[in-house]
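# Coordinate analysis (summary)
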Amino acid sequence: MRFFLNLLNMISFCFFIAIITYLILNWSTIPNTIPIHFSSAGEVDDWGSKYILWFLPIFSAVLWIGSTIMERFPNSFSYIVEITEENREKQQQNVLIMLKVLKNETMIMLLTFSVFTIRTSVGLGFNGFYSTLILSMVVITATCFFFIIRSLRI
């Protein structure tokens, strides 16, 4: 099980590195002023400096480091079921897997947002952003429900 948990952590770290790498590789092609907000129709309604693009990698780093630290203290989590000696290990394992899966899903979502933002800033379009956002929210919500149900069954 430890190998699987470490693998999930490594995968999420690779997504984090991909966010930074994609930004660095495209930095020279990004104009100094970029679209930073879009209407519901996908039209640009606010502009800003290209340096705002560093927000997503910084936010990703804070999220990745924070969740990695949090994973080290499963005894401090609030569980939806009473923790007993019989179910403690399985419940902690369940919540650790959930956190790592959610961390991966979040890193994928942030990488996708970075790609969309950079592609839009260099004039390659905004197609699929909202459907990707909705899909991301559905996947993250479904993951939470899956692990809640799993916890109740344990």
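Residues numbered from 1 in each chain as written. Predicted model: local features only at pLDDT ≥ 70, side-chain atom pairs only at ≥ 80, totals over all residues. Heavy atoms only, no water.

## So, helix H3 (residues 88–121)
Filter applied, for reference: Labels follow the DSSP assignment, with helices taken as runs of H or I lasting at least four residues and strands as runs of E lasting at least two, numbered in each case from the N terminus. One fewer than the residue count of a helix, multiplied by 1.5 Å, yields its expected span. Three exposure classes are used, based on accessible area relative to the maximum for each residue type with a 1.4 Å probe and protein chains only: buried under 20%, partly exposed in between, and exposed over 50%.
Over its 34 residues, H3 extends 49 Å from the first C-alpha to the last, a length consistent with the 50 Å expected when each residue adds 1.5 Å. Extensive coverage of H3 is indicated by the burial of 25 of its 34 residues. Where H3 ends, the next residue or the one after it, Gly 123, has phi of about 85°, a positive value.

## Re the nonpolar core
Across soluble globular proteins, nonpolar side chains show a tendency to be buried alongside one another. What counts, and what does not: Nonpolar cores were defined as sets of buried Ala, Val, Leu, Ile, Met, Phe, Trp, Tyr and Cys residues, with membership established by side-chain atoms within 4.5 Å. Any two residues whose heavy atoms approach within 4.5 Å are treated as being in contact.
Met 107, Leu 110 and Phe 113 are the most contacted members of the largest nonpolar core, which totals 24 residues. Only helix H1 (2–26), helix H2 (55–70), H3 and helix H4 (129–153) provide two or more residues apiece to this core. In contact with Phe 113, other than residues within four places in its own chain, are Leu 56, Phe 129 and Leu 133. Counting residues in each nonpolar core, the second largest holds 6 residues, with Ile 30, Ile 34, Leu 53 and Ile 118 among its members.

## Let's talk about the confidence of the model for the protein
Under the convention used in this document: A score between 0 and 100, pLDDT records how confident the predictor is in each residue.
Per-residue pLDDT for the protein has a mean of 89; in total, 98% of the residues score no lower than 70. For the protein, strand S1 (residues 33–38) is the element with the lowest average pLDDT, namely 82, and H1 is the one with the highest, namely 92.

## Some remarks on the environment of Phe 13
Tracing the backbone shows Phe 13 in helix H1. Judged by relative accessible area, which is 36%, Phe 13 ranks as partly exposed. Considered as a pair, Phe 13 and Met 1 are 12 residues apart in the sequence and their alpha carbons are 19 Å apart.

## A look at the packing of aromatic side chains
Operational definition: Side-chain rings of Phe, Tyr and Trp (the six-membered ring for Trp) are treated as a pair once their centres are within 6.5 Å; stacked means planes under 30 degrees apart, edge-to-face means over 60, and tilted covers the remaining angles. Any Lys NZ or Arg CZ that is within 6 Å of a ring centre and within 35 degrees of that ring's normal is treated as a charge sitting over the ring.
On inspection of all chains with the given rule, the structure shows 7 aromatic pairs. Relative to Trp 54, the ring of Trp 27 has its centre 5.8 Å away and its plane inclined at 50°; by these criteria the two rings are tilted. Pair noted here: Trp 27 is in the loop between H1 and S1 and Trp 54 is in the loop between strand S2 (44–49) and H2, with a separation of 27 residues, a long-range link. Exposure remark for Trp 54: the relative accessible area of 28% places this residue in the partly exposed category. Here the aromatic residues Phe 13, Phe 16 and Trp 64 are joined through ring pairs into a cluster of three or more. The positively charged end of Lys 103 is found above the aromatic ring belonging to Trp 64, 4.6 Å away from the centroid.

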